[in-house]
Protein chains: 2
Amino acid sequence: MAFAAARHNAPCVILMPSDAPEVKIANTRAYGAEVVLYDRATQNRETIGSAIAAERGLTLIRPYDDPQVIAGQGTVGLEIAAQAADAGVTHAPVFVCCGGGGLASGIALALEVHAPGLTVRTAEPQGFDDMARSLATGQRQKNPTATGSICDAILTPTPGDLTLPILTRLAGPGATVTDDQALQAMALAFTHLRIVLEPGGAVALAAALFNEGLPDTVIAVATGGNVDPATFATALARFA
Amino acid sequence: MAFAAARHNAPCVILMPSDAPEVKIANTRAYGAEVVLYDRATQNRETIGSAIAAERGLTLIRPYDDPQVIAGQGTVGLEIAAQAADAGVTHAPVFVCCGGGGLASGIALALEVHAPGLTVRTAEPQGFDDMARSLATGQRQKNPTATGSICDAILTPTPGDLTLPILTRLAGPGATVTDDQALQAMALAFTHLRIVLEPGGAVALAAALFNEGLPDTVIAVATGGNVDPATFATALARFA
């Protein structure tokens, strides 16, 4: 978001939970954005965002419950469809890291058209599996707590109004992983893929690694490398 | 090499210095290759390799002084030429991590044809700048020692017979960086590029970051992520 704003020379205020990694806050500021922090446990992001937008005459862009955001994230689905076709893969689960469900929804919509044999499966941290439970019960579920996982980027309270119907229609059952499994996936990505993942960006890979009964070919989306060095070093020390 | 052999279902023996990172040895074995270790300081790689090849009826593939290896590595130059053209870059130095000079030679040959305004500059660890000194003096130079840098992948004793003439004709002056600068480049790649680099694969980025008097647009090739977790954690602890 901050990067896009910088590219368009537009002013940008980013509302971010105060437990976001320092590196994420610093990188967002480096793109020229103003970062406003809020307490995930006691403050409501929607209220603060709407208030700032109204006060300053800014346009509020929601991180997932916005058709254009979902469409933009859907380009990942186009890439998956193209790469899967190149690899001769027509049927596979596609694990996607899931907070509010914007990325998963965009990918699911793209795959519906371009690779209908590929099925999105959301991946969430244990205890923050509001999407998995909402999909399983057919009723919108909320998480019991707002904090308590290292997967800070995807700790959202409940599925989006736009995303839940899309995923109800198109996604398979949601998967959950433990924080330790996310750290193991980070270590594996370091050793074998040479990429840097943050915990919340590694849950899809973790779901692909640690779920049982999966077919031989599984697709996982790796998203986000905003991880503080100490957390990354912990993943390496424990699991690499 | 091991990966290529595995793809072709061909037996493969890899001769590797005994100070190679454990992760590199393990990954090479995981591809099904046999790894033979030698002591960089006291043993001659060429002699051992030729002996094994003769004994077992294998074909010896040199890591850089082989026309087909140079040509294969030259595909990196084709990618650079295409990406630079997309970005509207016609003139820039292209820093390349340099051991024996195979990758640098291949890139230089590709750029000569496809992007003649881009000029290869070799990057080496301080104390192991045989290529830089050979280019500067017009005479083949050797390194005074065989070990003593963390950049294990590119500690070769002297430029190749094929590579030196190519780089003499096509490359700019060679650059050198300290081990600490390589670690800083690894930390920067972690924070900003989200990729895992080994020290020897980060020297080109380090040369681009820490050389003075460079133009605004500089290209650096990041090569290799065979780094043990402890070394990577050190780079993060000190510089990220």
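As the structure is a computational prediction, the values presented were derived from the model and not from experiment. Numbering of residues starts from 1 in each chain and follows the order in which that chain's sequence is written. Naming scheme: in the order in which they are written, chains are lettered from A and ligands are numbered from 1. The predicted origin of the model limits local features to residues at a pLDDT of at least 70 and limits the giving and counting of side-chain atom pairs to 80 or more, whereas totals for whole chains, interfaces and linings rest on all residues. To get the side-chain values, all heavy atoms of the structure are used, and hydrogens and water are removed first.

Visitor: Just checking my understanding: could you explain the domain arrangement of chain A for this structure?
Guide: One frequently used descriptor of interface size is the decrease in accessible area upon assembly of the parts. Residue and element names in this part refer to chain A. When the domains of chain A are assigned, the result is domain 1 (2–61) and domain 2 (69–239). Start and end points for every domain follow an automatic or database-based domain assignment. Using C-alpha coordinates to define each centre, domain 1 is positioned 23 Å away from domain 2. Note on domain 1 versus domain 2: buried area summed over both sides is about 860 Å², and carbon and sulfur give 53% of it. Buried surface area refers to the total accessible area, computed with a probe of radius 1.4 Å, that the two partners give up upon joining, counted for both partners together. It is Pro 21, Lys 24 and Arg 40 in domain 1 that bury the most area against domain 2; as a group they hold 56% of the surface buried on that side.

Visitor: Teacher, can you tell me more about the environment of Pro67(A) here?
Guide: Mapped onto the elements, Pro67(A) comes out in helix H4 (residues 67–73). Spatially, the C-alpha atoms of Pro67(A) and Val23(A) are 29 Å apart, while their sequence positions differ by 44 residues. Helix and strand definitions follow DSSP, with helices as H or I runs of at least four residues and strands as E runs of at least two, each counted in order from the N terminus.

Visitor: Is there a simple way to explain the interface of chain A and chain B in this structure?
Guide: Residues count as neighbours in contact if any of their non-hydrogen atoms are within 4.5 Å of one another. Facing the 16 residues of chain A at the interface are 16 residues of chain B. A combined buried area of about 1,400 Å² lies between chain A and chain B, and 67% of that area is made up of carbon and sulfur atoms. It is Phe190(A), Arg194(A) and Val196(A) in chain A that bury the most area against chain B; as a group they hold 44% of the surface buried on that side. Salt bridge criterion: a side-chain nitrogen from Lys or Arg within 4 Å of a carboxyl oxygen from Asp or Glu. Counting across the chain A and chain B interface gives zero salt bridges. Polar contact is defined as a pair of N or O atoms within 3.5 Å, subject to the rule that within protein one atom must be able to donate a hydrogen and the other to accept it, and that residues adjacent in sequence are counted only when both atoms are side-chain atoms. Counting across the interface, chain A meets chain B through six residue pairs in polar contact (both at pLDDT 80 or more). By residue number, the principal contributor to the side of chain A that touches chain B is helix H11 (residues 229–239) of chain A, which donates four residues. In this count, Pro and Cys sit with the nonpolar residues alongside Ala, Val, Leu, Ile, Met, Phe, Trp and Tyr, while Asp, Glu, Lys and Arg are called charged and the others, Gly among them, polar. Along the lines of polarity and charge, the residues of the side of chain A that touches chain B split into ten nonpolar, five polar and one charged.

Visitor: Which parts of the structure should I look at to understand the state of the cysteines?
Guide: Such a bond, covalent and formed between the sulfur atoms of two cysteines, is termed a disulfide. Residue and element names in this part refer to chain A. Pairs of cysteine sulfur atoms within 2.5 Å are identified as disulfides in what follows. What the rule picks out here adds up to zero disulfides over all chains. Just so you know, Cys 98 is unpaired, no disulfide at all, and the nearest cysteine sulfur is the one on Cys 97, 9.0 Å from it. Buried, partly exposed and exposed residues are distinguished by accessible area as a fraction of the type maximum, computed with a 1.4 Å probe on protein chains only: under 20%, between the cut-offs, and over 50%, respectively. Looking at Cys 98, the relative accessible area reads 1%, which means it is buried.

Visitor: Whenever I open this one, the relation of the copies chain A and chain B confuses me. Can you help?
Guide: One copy of the chain maps onto the second through a rotation about an axis and a displacement along it. Its rotation angle being 180 degrees, the transformation that places chain A on chain B also includes 0.0 Å of axial translation and leaves an RMSD of 0.0 Å. Here the transformation between the copies is reduced to the relation of a two-fold axis. When each C-alpha of chain A is compared by its distance to the rotation axis, Ile195(A) comes out closest, at 2.3 Å. Most of the interface of chain A is mirrored in chain B: 100% of its interface residues are interface residues there too. Superposition of the copies was done by least squares, using only C-alpha atoms of residues whose pLDDT is at least 70 in both.

Visitor: It is not clear to me how the pairing of strand S2 (residues 34–38) of chain B should be interpreted in this structure. Could you clarify?
Guide: Residue and element names in this part refer to chain B. Of the pairings in the sheet, the one linking strand S1 (residues 13–17) to S2 comprises five bridges and is parallel in character. Across the sheet, Val 13 pairs through a bridge with Glu 34, a residue of S2. With strands facing away from the observer, any crossover in which the path from the first strand over the helix to the second runs clockwise is taken as right-handed. Handedness of the S1-helix H2 (residues 22–30)-S2 crossover: right-handed. For two strands to count as paired, DSSP must find a minimum of two bridges between them.

Visitor: Where do I start with the side chain of Glu198(B) in this structure?
Guide: Residue and element names in this part refer to chain B. Mapping Glu 198 onto the fold places it in the loop between helix H9 (179–193) and helix H10 (199–210). For the buried Glu 198, no salt bridge exists, and the shortest N-O distance to an oppositely charged side chain is 4.7 Å, to Lys 24. Among the polar contacts made by the side chain of Glu 198, one reaches the main-chain amide nitrogen of Gly 225 at a distance of 3.3 Å. Non-local contacts of Glu 198, meaning those with residues more than four positions away in its chain, are made with Ala 153, Met 186, Thr 223, Gly 224, Gly 225, Asn 226 and Val 227. For the purpose of charge, His is not counted, nor are the chain termini; Lys and Arg are scored as positive and Asp and Glu as negative.

Visitor: Sorry if this is basic, but what is going on with unusual backbone geometry here?
Guide: Even without being a glycine, Arg194(A) presents a positive backbone phi close to 60 degrees. Summarising the element assignment, Arg194(A) is placed in the loop between helix H9 (179–193) and helix H10 (199–210).

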